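One letter stands for each residue in the lines below.
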Amino acid sequence: MLQELSIKNFAIIDELSVSFEEGLTVLTGETGAGKSIIIDAIHLLVGGRGSSEFVRHGEKKASIEGLFILDDVQHPCVMKAKEFGIEIEENMVILRRDISHQGKSICRINGKLVTIAILREIGSSLIDIHGQHEHQELMDETLHLSLLDQFGSEEIDHALKNYQDIFSRYESMLKQMKKLNDNEQEMAHRLDLITFQQKEIQDSHLQLGEDESLLEEKKKLLNYERLFEALQTCYNSIQGERKALDWLGLAMSHVEAAGELDSKYQSLAESVSNSFYLMEDVATTVRAELDGLEFEPNRLNIIESRLNELNGLKRKYGSTIEEILEYGSTIEEEIERITNRDIHIQELQRKVTSLEKDMFVEAKHLTQVRKKWAKELTNQIHEQLQELYMDKTTFEVRFKHSDRELSSEAYKYKRDGGDEVEFYISTNPGEPLKPLSKVASGGELSRIMLALKTIFSKHRGITSIIFDEVDTGVSGRVAQAIAEKIHQVSVHSQVMCISHLPQVAAMADFHLYISKKIYNGRTRTAVKTLENEEKIREIGRMISGVEITELTKEHARELLQLATSIKNA
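Residues numbered from 1 in each chain as written. Predicted model: local features only at pLDDT ≥ 70, side-chain atom pairs only at ≥ 80, totals over all residues. Heavy atoms only, no water.

Asker: Quick question: what am I supposed to make of the sheet that holds strand E1 (residues 2–10) here?
Answerer: The strands that make up a sheet pair up through hydrogen bonds in the backbone, lying either parallel or antiparallel. Taken together, six strands build an open sheet; the order of strands is E2-E1-E4-E5-E6-E7 and the sheet is antiparallel. This sheet does not close on itself; its edge strands, each paired only once, are strand E2 (13–19) and strand E7 (112–114). Direction aside, neighbouring strands of the sheet carry axes that sit 15° apart on average. Of the strand pairs in this sheet, strand E4 (residues 61–69) and strand E5 (residues 92–100) are connected by nine bridges, and their pairing is antiparallel. Across the sheet, the residue bridging to isoleucine 64 is arginine 97, located in E5. Strands E1, E2, E4 and E5 of the sheet are contacted by helix H1 (residues 35–45), whose axis makes an angle of about 105° with E1. (Pairing = 2+ DSSP bridges. Helix = DSSP H or I, 4+ residues; strand = E, 2+ residues; numbered from the N terminus. Axes fitted to C-alpha atoms, helices over the stretch in contact; angles between N-to-C directions. Contact = heavy atoms within 4.5 Å.)

Here you go:
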């Protein structure tokens, strides 16, 4: 849930910090007080479109920061955060967005800089903002299939995965076929190119690690004089004029004599003796290295030439010899495919035909599963709409193909299956079902949306849901039904709601009053948590307008008592 929201220099808000709780929080206040500005700030916080116009006049930047508490370690937000390398500790997510007066945005999640796209993806798993004019999911029929899949997620996801496994292989083979069936002239040009490349790689007779050994040998040749001088000095120090070995032999003789006189020096004598023979071996080895050292100026030229050849191949085919050899193997396979193109096309066609049969079986099963859940969704929506006084409404999830029309040819195979789904509705008895986007009025869409939110709040795992004046255009018993429905949604998700309906305000678990005041000639937005009598007075204002009488207050008390009894029930 959203626990804390801090806003600074945003529109008419200079500085504001609001704490939120679980359940239903209602924001009320006079028109223009800044209620929707707070929602706009949250919308920007979770990746909405930003603009320099949001920055308070005279300030350099606007800042919005929100603290979210996750109640489940398996929350979709946690999974998405891992994908982007964002650490989540103690189930806390802090989103921050700064917008400069030039319109540039800086986004952070738990202190890590992220793009707006990442902020939007993480934010979409935390908050679902639904405004009076934001019915995209309902109005856009291309999204109806995803809504159905969310509803029957567990069973549909399993069937969809089985289908997609086959579809991925099917798609891959179609791409291979398309590549083999491409323009014959282009294919001939491609064959000429990769045949040349293959010959160039084969003629180079590459050996793994060859470049490293050549560089080592080059280093040795370039430093020949220094190497010879160092080994010569080492040998002379041990065996030459300085006679270190002679002095060590003398020391060995004397310490052996001491050991014969006193046994405690025998171990010392043994150590000196070992050192003498070790140094004698070293001298022999160094002498052999000196005898074997040869400077070949021509060999250096050969190494340089070979390294240049290897670097040229690396620029063309890979950064290492291993990558060049792998590329050579890849084009060798491609040459074989192009050369025997007809055979490969026939084999691929056989596999595609076989996969189409398997895919049709899985697609048909997926359709059957979806239709099963479509009936369940229809039943649940009818139940919800009855509670919202739309009991005469008929809702249907309609599939493009009927069961009798289902065939392998009828399906247009896509990654999400072969189904095309659209929500149909009839709000008046005797009227035919028509697409939802073309029939429902604003008030009806609000109620249908609430019915869906009530159902989907149990399935989607969204931390918070925001309703921005979605109850506009309703009154009376419908207003009461909407209030109860919004509260039902808050049982499964934290809900924040901007409303002008006293019935909705009465159902609130927490009531925030938004007002604007003028300080030093500047307008500022303020937020206050209402308690008891303050709630009664505000609900009374919502009922009657400016003048609040005792009768109005009594009506407000009755609404609060009714709300309490409904919530307790």
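Asker: Explain the pairing of E1 to me, please; I cannot follow it from the model alone.
Answerer: Moving residue by residue along a regular strand, the side chains alternate between the two faces of the sheet. In this structure, E1 lies alongside E4, joined through six bridges in antiparallel fashion. Bridged to leucine 2 within E4 is phenylalanine 68. As defined by bridge partners, E1 adjoins E2 across six bridges and the pair is classed as antiparallel. Across the sheet, serine 6 pairs through a bridge with serine 17, a residue of E2. In this structure, the hairpin formed by E1 and E2 is closed by a connection of two residues, where alanine 11 is found at a positive phi of approximately 55°.

Asker: For this particular structure, what's the right way to read the pattern of salt bridges?
Answerer: Opposite charge on two side chains permits pairing when their charged atoms draw close. Applying the stated rule across the entire model yields 28 salt bridges. Of the charged contacts, one joins arginine 190 and glutamate 334 as a salt bridge, the two residues approaching to 2.9 Å between their closest N and O atoms. With arginine 190 in helix H7 (residues 184–203) and glutamate 334 in helix H13 (residues 321–339), this pair connects stretches of sequence that are 144 residues apart. Given the relative accessible area of 7%, glutamate 334 is considered buried. We note a salt bridge from glutamate 420 to lysine 400, for which the minimum N-O separation is 3.9 Å. One end of the pair, glutamate 420, is in the loop between strand E9 (394–399) and strand E10 (421–426); the other, lysine 400, is in the loop between E9 and E10, and 20 residues separate them in sequence. Given the relative accessible area of 31%, glutamate 420 is considered partly exposed. (Salt bridge = Lys/Arg side-chain N within 4 Å of Asp/Glu carboxyl O. Buried < 20%, exposed > 50% of the residue type's maximum accessible area, 1.4 Å probe, protein only.)

Asker: How do you make sense of the side chain of aspartate 14 when you look at a structure like this?
Answerer: Relative to the helices and strands, aspartate 14 is located in strand E2. Looking at aspartate 14, its side chain comes within polar contact range of the side chain of arginine 524, at 2.9 Å. Those residues in contact with aspartate 14 that sit more than four places away from it in its chain are Ile7, Lys8, Asn9, Arg56 and Arg524. (Polar contact = N/O pair within 3.5 Å; in protein donor to acceptor, adjacent residues only side chain to side chain.)

Asker: Help me understand a negative patch on the surface, please; the structure alone is not making it clear to me.
Answerer: On the surface, Glu21, Glu22, Asp71 and Asp72 cluster together into a patch of negative charge. Relative to the helices and strands, glutamate 21 resides in the loop between E2 and strand E3 (24–28). (Patch = residues over 30% accessible without salt bridge, like charges linked within 9 Å, V, L, I, M, F, W, Y side chains within 5 Å. Areas by Shrake-Rupley, 256 points an atom, 1.4 Å probe, with all protein chains shown as cover. Lys, Arg positive; Asp, Glu negative; His and termini not counted. Charge placed at Lys NZ, Arg CZ, Asp CG, Glu CD.)

Asker: I tried to follow unusual backbone geometry on my own but got confused; where do I start?
Answerer: Trans peptide bonds make up most of the peptide bonds, and negative phi angles are found at most residues other than glycine. The phi dihedral of asparagine 110 falls on the positive side, at around 50°, and the residue is not glycine. Residue position: asparagine 110 is located in the loop between strand E6 (105–109) and E7. Its relative accessible area of 27% is what places asparagine 110 among the partly exposed residues. Phi angles above zero are rare outside glycine, and histidine 205 is one such case at about 50°. Within the secondary structure, histidine 205 sits in the loop between H7 and helix H8 (210–222). Exposure remark for histidine 205: the relative accessible area of 58% places this residue in the exposed category.

Without other data, these values stay purely geometric and don't point to any function.
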